[in-house]
Amino acid sequence: MHEPTAATNMPGPRPAGDHVRIAFLGPFGTFTEQAVWQVAPAGAELLPVTSAPAAMELVRRGEADRAVVPIENSIEGGVNATLDALSRGEPLVIVSEMVISVTFQLAVRPGTRVEDVHRIGTHPHAWAQCRHWAEETFPGALHLPATSTAAAAELLAQGDAGFDAALCNATSVERYGLEALYTDVADNPGAVTRFVMVSPPGALPPPTGADKTTIQVALPHNEAGSLLGMLEQFSARGVDLSRIESRPSGDHLGSYNFSIDIVGHVAEERVQAALVGLHRFSPEVRFMGSYPRVDGVRARILAGTSDEDFRVGRAWVAGILHGGDGTTLYEGDASWPLGGHAGR
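Everything numeric here is computed off the predicted structure, so don't read it as measured data.

Definitions and limits used
Residues numbered from 1 in each chain as written. Predicted model: local features only at pLDDT ≥ 70, side-chain atom pairs only at ≥ 80, totals over all residues. Heavy atoms only, no water. Helix = DSSP H or I, 4+ residues; strand = E, 2+ residues; numbered from the N terminus. Buried < 20%, exposed > 50% of the residue type's maximum accessible area, 1.4 Å probe, protein only. Areas by Shrake-Rupley, 256 points an atom, 1.4 Å probe, with all protein chains shown as cover. Lys, Arg positive; Asp, Glu negative; His and termini not counted. Charge placed at Lys NZ, Arg CZ, Asp CG, Glu CD. Pairing = 2+ DSSP bridges. Axes fitted to C-alpha atoms, helices over the stretch in contact; angles between N-to-C directions. Core = buried A, V, L, I, M, F, W, Y, C linked by side-chain atoms within 4.5 Å. Contact = heavy atoms within 4.5 Å. Salt bridge = Lys/Arg side-chain N within 4 Å of Asp/Glu carboxyl O.

Side note on the overall build of the chain
Phase 1: Check the secondary structure of the chain and you find nine helices and 15 strands.
Phase 2: Its C-alpha atoms give the chain principal-axis dimensions of roughly 90 × 50 × 35 Å.
Phase 3: Per-residue burial for the chain yields a buried fraction of 47% across its 344 residues.
Phase 4: When the accessible area of the chain is evaluated, it comes to approximately 16500 Å², of which 53% is carbon and sulfur surface.
Phase 5: Averaging the locations of the 25 positively and 40 negatively charged side chains of the chain gives two centres separated by 4 Å.

Remarks on the sheet that holds strand S14 (residues 256-263)
Phase 1: What the four strands build is an open sheet, ordered S13-S14-S12-S15; its pairing is antiparallel. The sheet is open, and its two edges are formed by strand S13 (241-248) and strand S15 (284-292), each paired on a single side. The mean inter-strand angle of the sheet, taken between neighbouring strand axes irrespective of direction, is 15°.
Phase 2: Across seven bridges, the pairing between strand S12 (residues 211-218) and S14 is antiparallel. Looking across to S14, one finds that Ala-218 is bridged to Asn-257.

Some points on helix H3 (residues 80-87)
Phase 1: The element H3 is extensively covered by neighbouring structure, given that six of its eight residues are classed as buried.
Phase 2: Among all positions of H3, only Thr-82, Leu-83, Asp-84, Ala-85, Leu-86 and Ser-87 are buried.
Phase 3: Positive phi appears at Gly-89, one or two residues downstream of H3, with a value of about 85°.

A closer look at the pairing of S12
Phase 1: With eight of eight residues buried, S12 is to be regarded as a mostly interior element.
Phase 2: Here S12 runs beside S15; their pairing, made up of seven bridges, is antiparallel. When the sheet's bridge partners are listed, Lys-212 is paired in S15 with Tyr-291.

Points about the nonpolar core
Phase 1: Core analysis: the largest hydrophobic core is formed by 35 residues, its most contacted members being Ile-22, Val-68, Phe-104, Ile-120, Leu-167 and Met-197.
Phase 2: Residue assignment for this core shows that the elements contributing at least two residues are strand S1 (21-25), helix H1 (31-39), strand S5 (93-101), strand S6 (104-108), helix H4 (124-137), strand S9 (165-168) and strand S11 (192-199).
Phase 3: Discounting chain neighbours no more than four positions away, the residues touching Met-197 are Met-10, Ile-22, Val-39, Arg-66, Ala-67, Val-68, Val-93, Ile-94, Val-95, Ser-96 and Met-98.
Phase 4: Counting residues in hydrophobic clusters, the runner-up holds 21 residues, among them Val-49, Ala-67, Leu-83 and Val-198.

Quick word on the pairing of S5
As a general feature of sheets, a regular strand has side chains that alternate between the two faces.
Phase 1: Of all nine residues making up S5, seven are buried, and the element is well covered by its neighbours.
Phase 2: Where S5 meets S11, eight bridges bridge the pair, whose relative direction is antiparallel. Note that in S11 the partner of Val-99 across the bridge is Arg-194.

Thoughts on the pattern of salt bridges
Phase 1: A full pass over the atoms with the stated rule returns 17 salt bridges.
Phase 2: Arg-21 is the partner of Asp-65 in a salt bridge, and the nearest nitrogen-oxygen pair spans 3.2 Å. With a gap of 44 residues between them, Asp-65 in the loop between helix H2 (52-60) and strand S3 (66-73) and Arg-21 in strand S1 connect regions that are remote in the sequence. Considered together, Asp-65 and Arg-21 belong to a single accessibility category, that of buried residues.
Phase 3: For the salt bridge of Arg-60 with Glu-57, the shortest nitrogen-to-oxygen distance reads 3.0 Å.

With respect to the sheet that holds S6
Phase 1: One open sheet accounts for five strands, arranged S8-S7-S9-S6-S10; its pairing is mixed. For this open sheet the edge positions go to strand S8 (142-145) and strand S10 (179-185), each flanked by a neighbour on one side alone. Each strand axis lies, on average, 25° off the axis of its neighbour in the sheet, ignoring direction.
Phase 2: Both S6 and S10 contribute to a ladder of four bridges, which runs antiparallel. Following the sheet pairing, Val-108 is matched in S10 by Glu-179.

A word on the environment of Glu-174
Phase 1: Along the chain, Glu-174 turns up in helix H6 (residues 170-175).
Phase 2: Residues Glu-174 and Ala-153, 21 residues apart in the sequence, show an inter-C-alpha distance of 9.9 Å.

The structure is reproduced here in structure tokens:
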């Protein structure tokens, strides 16, 4: 039995009703449900759906207040369905992230023997994390895709799945009355999946010093140096990236956007400066949220890139604009745009 968190104040807009409705990749028993229980407040209503995009659509339509979806795993990288759904349609923002250790079991209906297993059902990402083990253990076995690991277990338990076994977690084995022929199944022990909670835009989670900012950026044109020009917007301001990957724009073959996780919060000066540079450089920058890192790792601030360094730099330029000789800092308002007496 899972217990909700004690938290009652969740980042993002207030729920429409008297409790939070959280859509997630179901059915009950998925790794996504485990992630939900890391952040669900007391009294939350969980709404299982058949895909990550469907969970986000419930939020867009106002039928859910939040959605929890997988976004990245340590074996397959980004979850394309989530990245694409987050980058299109009405804006949604990430307000928190969770990490779940991923360990699979090979589940069967009671009485099934090892030699009876010829077809294995599971989610494609789960299959990718167990493919080599499955090919060695069951040579010639076929993979039948399912919408989730728990959905595979549920179908198997109902007896009309079209496959003989399911790769799922221990919770699903127990929930759906199955038996585990094998436990601790994985090609790479220690694999983890990262999940995010998304909400409609609203008040941002406050900066903690250990934050991420997620964006999507389109290159202005496909020519030599375009990608370098985009990356220089970060490097020139001392902004680190924890993830960058390309996704097809959908416009034409060879046209790509870049999904990026920035190390830092949009409230920080160096991140703001990088985003301003990106907005000047790129025809489209989509903001997808600033939120605390689940691992608590604080950003490493390079010399000359702290908030104070940016403030001092502006005060120096403001002093010149107000008739100074460049040896003192202006003590008045040094926010952009910098004013002064130049040219008067």
